[in-house]
Number of protein chains: 2
Amino acid sequence: MRENAFIHNVLKPLAVNDYALGLQDDAALLEIPPLHQLVVTTDMLQEGIHFLSDGHPADIAWKAMAANLSDLAAMGAAPHSYQLALGLSETQDSAWLQAFCEGLQAVQAQFGIGLSGGDTIRGCAALTISITAHGLVPMGQALRRTHAKVGDALYVTGTLGDAALGLALLQGKISDLPTSLAEFVIQRYWRPMPRLEAGVALRGIATACMDISDGLLVDCAKLCAASSVGAVIDYDALPLSEAGRYVQDRHPELFAACISAGDDYELLVSASDLEGIDSLVMKDGTPLTRIGTITEAGNGVQLLHADGTPVILPYAGYEH
Amino acid sequence: MRENAFIHNVLKPLAVNDYALGLQDDAALLEIPPLHQLVVTTDMLQEGIHFLSDGHPADIAWKAMAANLSDLAAMGAAPHSYQLALGLSETQDSAWLQAFCEGLQAVQAQFGIGLSGGDTIRGCAALTISITAHGLVPMGQALRRTHAKVGDALYVTGTLGDAALGLALLQGKISDLPTSLAEFVIQRYWRPMPRLEAGVALRGIATACMDISDGLLVDCAKLCAASSVGAVIDYDALPLSEAGRYVQDRHPELFAACISAGDDYELLVSASDLEGIDSLVMKDGTPLTRIGTITEAGNGVQLLHADGTPVILPYAGYEH
């Protein structure tokens, strides 16, 4: 399939919004509603580094988009549009491209975002996907990393470690998970659900927010640095899925390596408005678990058992 | 250099604008002035495909940015900000990164654009640069490809074929260019000057506009398809640099292969307001040359000598 046919047959159905100009101009043309800011984020993924090369193309599309959408969620933004830069190696044929774009279509329908434009290269050394996602947030209401205050409570959405367990399973490092739990962690690895609704709901409640795509500890350290604070995290309070608990009981070392390994597209949130948080949990069903407290900067990020002894993890998170 | 140090030492000086949030959040936060639209374009480049791998890192940075800025120019947009996704192989060390970012600094200073955010990968199979550039245009004034009309005059900015001659020279396919001409074509290959001022000046004058980064004929065919028209181009009217004329005289076959080979970040423009165009040429010094006429769609794009005989080029342009 040559570029023109690829654009016309496969990409155009993803770009039905006015701003994409039918993918026939040099650029897209976005209108931003009055009193809004545009939130812009970029994630670049390469096979073998960020995802398994033998993944289903629709799963690869989902994961690449979810990584970007999670950054929008962390800012409290609503998804708007995205630019797709696709570097194809010799391995991706027409059927692969079709399936990849079906994955994009699914994620577009799920999260309300549309293709605005992009670029395609053939003959790349390895499959490379770079997405720039655009979101909208009312003026001045974006969530930031910079305003966590000493004494704030620290929360996380969802459960931790599932994606790393999914990867461990796909790599054959663990094999005794019951089928339903195995399917769950693989889903968490390939099809993470960015916390877009939680991000929007946390506007005006969170003092700081970010996603923990690189791992809880690494990312908490970044949030603390941006806010000039420290944090104490209660290891025994970390929210686990049934799969997480299953592995924690039977393979504690593997579990410890997964709990902060990254690829969990969950949000780390600080807040002093505990009633506001309770209301989100109780009324909206937002899965927020308190995991610790913001402290003075000098303390760094401490991961402690309930009895106050420090927890040393074999792997603290993803360094780019 | 680890990611945090790289961001702090090398990238942060490129991101001094408020919207970049000091590169310490999940995303950038752009404010669009009232009554403006945001123009968004993405170009992905990989070494060995889009540029010579042994290029100076500052030249590589310039070329990658220029490819994006040229798309903004084609829409009549003023540069605003850009997202940088950088896929580094094992070859790029700290000195390379420093020089690359000095190149970005130079292009930022030249064209008035700032880094808003991005992503970096290490361990890539080949150096890959994906930039998404943002520009601003007053509401409704963006130049498009879609409104060329039969009878419009067809223009091009600057001169054609120089970048391809530069590449031919760097690849050893030509060796007898006088030094000053050799330096000129190498500059045109590595440091193209996107036609941003011309793009802005053409608002309200051009009926259609695009850049000819893929080559005059390929890109003219795209403009014609988008406008449902055809075009006749006068081969003997194509604007040549002194270097182009030199090679045309001595190596006519090589020259013919270069004239429509792409990488010329010039604008192709249709207009019926010939006085408006003349005014740009005379008063503003915009280098616009009339090269043909828009015709009925059925004619396709015809490249003719002055006597009406068709010109067959050995290479019509870049197919992605």
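The structure under discussion appears in the preceding block.
Q: Just give me the short version of the sheet that holds strand S1 (residues 28-30) of chain A, but keep the residues and values in it.
A: Here five strands make up an open sheet; going across it, the order is S1(A)-S2(B)-S5(B)-S3(B)-S4(B) and the pairing mixed. Where the open sheet ends on each side, the last strands, each with one partner, are S1 of chain A together with strand S4 (114-121) of chain B. On average, each strand axis in the sheet is tilted by 20 degrees relative to the strand beside it, whichever way the strands run. Both strand S2 (residues 36-46) of chain B and strand S5 (residues 128-138) of chain B contribute to a ladder of 11 bridges, which runs antiparallel. Within S5(B), the residue paired with Gln37(B) across the bridge is Val137(B).

Q: Give a detailed account of the interface of chain A and chain B, specifying residues and quantitative values.
A: Facing the 59 residues of chain A at the interface are 59 residues of chain B. Here chain A and chain B share an interface that buries about 4900 Å² over both sides, 53% of which is from carbon and sulfur atoms. Inspection of the chain A/chain B interface yields four salt bridges. The partner of Asp25(A) in a salt bridge is Arg144(B), with the nearest N and O atoms 2.9 Å apart. Connecting chain A to chain B are 24 residue pairs in polar contact (both at pLDDT 80 or more). With 10 residues, the top contributor of residues to the side of chain A that touches chain B is strand S2 (residues 36-46) of chain A.

Q: For helix H2 (residues 57-74) of chain A, give the residues involved together with the corresponding values.
A: Residues separated by three or four positions in an α-helix point in the same direction, a consequence of the helix having 3.6 residues per turn. Residue and element names in this part refer to chain A. Taking 1.5 Å of rise per residue, the 18 residues of H2 would be expected to cover 26 Å, and the 26 Å separating its terminal C-alpha atoms lies within 8% of that figure. The element H2 is largely enclosed, with a buried count of 18 among its 18 residues. Directly beyond the C-terminal end of H2, a positive phi value near 75 degrees is found at glycine 76.

Q: Could you give me a rundown of the sheet that holds strand S3 (residues 78-87) of chain A, with the residues and numbers involved?
A: The strand order across the open sheet built from five strands is S4(A)-S3(A)-S5(A)-S2(A)-S1(B), with neighbouring strands paired in mixed fashion. A single partner strand is all that each edge strand has here, and the edge strands are strand S4 (114-121) of chain A together with strand S1 (28-30) of chain B. Each adjacent strand pair in this sheet contributes to an overall mean axis angle of 20 degrees, direction not counted. Two strands pair when backbone bridges link them, and S2(A) and S1(B) are joined in this way by three bridges, in the antiparallel orientation. When the bridges of S1(B) are listed, Val39(A) appears paired with Leu29(B). Along the sheet face, H2(A) touches S2, S3 and strand S5 (128-138) of chain A and points at about 35 degrees away from the line of S5(A). Sitting on the sheet, helix H3 (residues 94-111) of chain A touches S3, S4 and S5 of chain A, and the angle it makes with S3(A) is about 165 degrees.

Q: How would you summarise the pairing of S5(B) if you had to cite specific residues and measurements?
A: Residues and elements named next belong to chain B. Taking burial as the measure, the 11 residues of S5 include 11 buried ones, the bulk of the element. A two-sided burial pattern is seen for S5, the buried positions comprising Thr128, Ser130, Thr132, His134, Leu136 and Pro138 on one face and Ile129, Ile131, Ala133, Gly135 and Val137 on the other. The pairing of strand S3 (residues 78-87) with S5 spans nine bridges and is classified as antiparallel. Counted as the bridge partner of alanine 78 is leucine 136 from S5.

Q: Describe in detail the pattern of salt bridges, supporting the description with residues and values.
A: Residue and element names in this part refer to chain A. Taken as a whole and judged by the stated rule, the model has 18 salt bridges over all chains. The shortest N-O distance in the salt bridge between arginine 191 and aspartate 59 comes to 2.8 Å. Within this pair, whereas arginine 191 is found in the loop between helix H5 (179-190) and helix H6 (196-201), its partner aspartate 59 is found in helix H2, the two being separated by 132 residues in sequence. Note that arginine 195 is salt-bridged to glutamate 266, the shortest N-O span being 2.7 Å. Residue arginine 195 is found in the loop between H5 and H6, and its partner glutamate 266 is found in the loop between helix H9 (252-258) and strand S9 (267-271); the two are separated by 71 residues along the sequence.

Q: Break down the relation of the copies chain A and chain B for me, citing the residues and quoting the values.
A: With an RMSD of 0.0 Å, the fit of chain A onto chain B corresponds to turning through 180 degrees and sliding 0.0 Å along the axis. On this basis, the relationship between the two copies can be described by a two-fold rotation axis. If distances are taken from each C-alpha of chain A to the rotation axis, the shortest is found for Ala125(A), at 2.8 Å. When the interface residues of chain A are mapped onto chain B, 100% of them again lie at the interface, so the same face is used by both copies.

Analysis parameters
- Counting of residues starts from 1 at the beginning of each chain's written sequence and follows it residue by residue.
- A letter from A marks each chain and a number from 1 marks each ligand, given out in the order of writing.
- Restriction of local features to residues with pLDDT of at least 70 applies here, the model being predicted, together with a cutoff of 80 or more for giving and counting side-chain atom pairs; totals for whole chains, interfaces and linings are based on all residues.
- Side-chain measures were taken over the full set of non-hydrogen atoms in the model, leaving aside hydrogen atoms and water.
- Two strands form a pair only when DSSP identifies at least two bridges running between them.
- In DSSP terms, a helix is any run of H or I states spanning at least four residues, a strand is any run of E spanning at least two, and both are numbered starting from the N terminus.
- Axes here refer to lines fitted to C-alpha atoms; in helices the fit is confined to the stretch in contact. Angles between the N-to-C directions go from 0 to 180 degrees.
- Between two residues, a contact is recorded if the distance between any of their heavy atoms is within 4.5 Å.
- Note on definitions: buried area is the accessible-area loss of two parts on being combined, 1.4 Å probe, summed for both.
- We count a salt bridge whenever a side-chain nitrogen from Lys or Arg sits within 4 Å of a carboxyl oxygen from Asp or Glu.
- As used in this structure description, the phrase polar contact means that two N or O atoms lie within 3.5 Å; if the pair is within protein, one of them must be able to donate a hydrogen and the other to accept it, and residues adjacent in sequence are counted only when both atoms belong to side chains.
- Helices are assigned an expected span. That span is 1.5 Å times one less than the residue count.
- We call a residue buried when its accessible area falls under 20% of the maximum for its residue type, exposed when it is over 50%, and partly exposed in between, using a 1.4 Å probe and counting protein chains only.
- A least-squares fit on C-alpha atoms brings the copies together, and the residues used are those whose pLDDT is at least 70 in both copies.

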